[in-house]
Amino acid sequence: MDWLDAKLVENVVIVIALVYVLFEVILNLNKIPGDTSNVLLYELMSKRFFSLSFGFGAVLGHLFLGADTDYFYAGYENHSFYWALPVITLVVVLLVLTLVGMFRPYKKKRGFLVGLLLAGMLYGHFFWSMNFQSKNIAI
Amino acid sequence: MKSWISKHKNKIKLLIATLGLILVGVDVFVAVTKNSITYSQLFRNNESKLIWLVFAAGGMMVKIYYQKSTQNRAQATRYFLMYIALVLILFFVGRSFTFELSNPLALLTFFSGAVAAYFLWQQYDAAV
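Below, the structure is looked at part by part. (Residues numbered from 1 in each chain as written. Chains lettered and ligands numbered in written order. Predicted model: local features only at pLDDT ≥ 70, side-chain atom pairs only at ≥ 80, totals over all residues. Heavy atoms only, no water.)

1. Focus: the environment of glycine 25 of chain B
Filter applied, for reference: Each helix is a run of H or I in the DSSP string that is no shorter than four residues. Each strand is a run of E no shorter than two, and both are numbered from the N terminus.
Along the polypeptide, glycine 25 of chain B turns up in helix 2 (residues 9–33). Note: C-alpha distance between glycine 25 of chain B and threonine 70 of chain B (45 residues apart in sequence) is 37 Å.

So this is what it looks like as structure tokens:
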């Protein structure tokens, strides 16, 4: 697939970000309070979908931080599916948290959500790091 | 416009969710088929250019969890423009120099973005 190059992926991200920003500007300029996406997201996260908090943290830790120790052997790219283990674990954790949220939809405290965000950042830093992706050695 | 949005709050949620799902879907597709670079590699390749994004991400997280609101529209606008100016400074710093975004630097940028957004990026709410 030659059409799917790095430039296209970059452009997809840029276009989606621009649409989102434009949309947010419109929502901010109208007179209705509490319709911007940050408020909606917080409402969503404080009840059923508190797992999103962990997910955001994991993405932030993955992109911005990153440890060198490879607990999942995810750096060994020639070793079948090991590269995907951190993501699979993350999805399983998120599914479990979402199920808990579905069955216990009481209001979560802000401190709890921020704690989850920080825990997600630690996960992204230690277990889903980008710093061990270049090794190519058989175990 | 006002009544339209109040009536269609669910559609707003749907649109945001759709954007997020498209974003995640493209990344999953790219990662599984291994045809192109994923977002992680995109970020890794341009990490000094994208330092403004680290700063702004701190701001977005504060907007979600610790949003402050104000009723002074002029002040809110002025402060927000200051925040945009900080982001722009980092944007041009990232364009001008190439450096490695080490963990301490990323954390420092993230949390300074968060603190700056807490004081500068306030939500304007009309007096009810």
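There's plenty left to go through after this.
2. Focus: the packing of helix 4 (residues 51–65) of chain B against helix 6 (residues 103–120) of chain B
Residues and elements named next belong to chain B. Test applied: Simply put, an axis is a line fit to the C-alpha atoms, just over the touching stretch for a helix, and the angle between two N-to-C directions goes from 0 to 180 degrees. The labels follow the angle: roughly parallel below 35 degrees, roughly antiparallel above 145, roughly perpendicular from 65 to 115, and oblique for the rest. Two helices crossing with the near one rotated counterclockwise from the far one by less than a right angle form a left-handed crossing, whereas a clockwise rotation gives a right-handed crossing. Two residues form a contact once any of their heavy atoms are found within 4.5 Å.
Interaxial distance between helix 4 and helix 6 falls to 7 Å at its minimum, and their mutual angle equals 45°. In this view, helix 4 runs oblique relative to helix 6, as classed from their interaxial angle. Crossing of helix 4 against helix 6: the hand is right-handed. Contact residues: Ile51, Val54, Phe55, Ala57, Gly58, Gly59, Met61 and Val62 in helix 4; Ala106, Thr109, Phe110, Ser112, Gly113, Ala114, Ala116, Ala117 and Tyr118 in helix 6.

3. Re the environment of valine 114 of chain A
Within the secondary structure, valine 114 of chain A sits in helix 5 (residues 110–126). Along the chain, valine 114 of chain A and serine 53 of chain A lie 61 residues apart, while their C-alpha atoms are 7.5 Å from each other. Each residue touching valine 114 of chain A, except ones within four places of it in the same chain, is listed here: Tyr65 and Tyr66 of chain B.

4. Here we look at the nonpolar core
Here is the rule: Throughout this description, the term nonpolar core refers to a set of buried Ala, Val, Leu, Ile, Met, Phe, Trp, Tyr and Cys residues connected via side-chain atoms within 4.5 Å. Each residue gets one of three labels from its accessible area relative to the maximum for its type: buried under 20%, exposed over 50%, partly exposed in between, using a 1.4 Å probe on protein chains only.
Residues Phe64 of chain A together with Phe43, Tyr65 and Phe110 of chain B are the most contacted members of the largest nonpolar core, which totals 40 residues. Residue assignment for this core shows that the elements contributing at least two residues are helix 2 (37–46), helix 3 (51–64), helix 4 (85–103) and helix 5 of chain A together with helix 4, helix 5 (73–96) and helix 6 of chain B. Residue contributions to this core peak at eight residues, all from helix 4 of chain B. Membership of the second largest hydrophobic core comes to five residues, among which are Phe23, Leu27 and Leu40 of chain A together with Ile12 of chain B.

5. Some words on the side chain of glutamate 47 of chain B
The criterion, for reference: Definition of a polar contact: a pair of N or O atoms within 3.5 Å, with one able to donate and the other able to accept a hydrogen when the atoms are protein atoms, and with sequence-neighbouring residues admitted only if both atoms are side-chain atoms.
In this fold, glutamate 47 of chain B is placed in the loop between helix 3 (39–45) and helix 4. One polar contact links the side chain of glutamate 47 of chain B to the main-chain amide nitrogen of leucine 101 of chain B, over a distance of 3.2 Å.

6. Side note on the interface of chain B and chain A
What counts here: The term buried area means the drop in 1.4 Å probe accessible area that two parts suffer when joined, counted for both and summed. Salt bridge criterion: a side-chain nitrogen from Lys or Arg within 4 Å of a carboxyl oxygen from Asp or Glu. Each residue gets one label: Ala, Val, Leu, Ile, Met, Phe, Trp, Tyr, Cys and Pro are nonpolar, Asp, Glu, Lys and Arg are charged, and the others, such as Gly, are polar.
Facing the 43 residues of chain B at the interface are 47 residues of chain A. A combined buried area of about 4200 Å² lies between chain B and chain A, and 74% of that area is made up of carbon and sulfur atoms. Summed over the three residues of chain B that lose the most area to chain A, namely Leu19, Ile64 and Tyr65 of chain B, the buried surface amounts to 16% of that side. Across the chain B-chain A interface, the total number found is zero salt bridges. In this structure, the connection of chain B to chain A is made through six residue pairs in polar contact (both at pLDDT 80 or more). Taken together, the elements giving at least two residues each to the side of chain B that touches chain A come down to helix 1 (2–7), helix 2, helix 3, helix 4 and helix 6 of chain B. In terms of residue class, the side of chain B that touches chain A is made up of 27 nonpolar, eight polar and eight charged.

7. Things to note about helix 5 of chain B
Residues and elements named next belong to chain B. Cut-off, in case you're wondering: Here, expected helix span is obtained from the residue count minus one, scaled by 1.5 Å.
Taking 1.5 Å per residue as the helical rise, helix 5 with its 24 residues ought to reach 34 Å, and the 35 Å between its terminal C-alpha atoms agrees with that figure. On its buried face, helix 5 sits against helix 4, strand 1 (69–70), helix 6 and strand 2 (123–124). Capping of helix 5 at its N-terminal end is provided by asparagine 72; its side-chain oxygen lies 3.3 Å from the backbone amide nitrogen of alanine 74.

Limitation: the analysis is restricted to geometry and does not speak to function.
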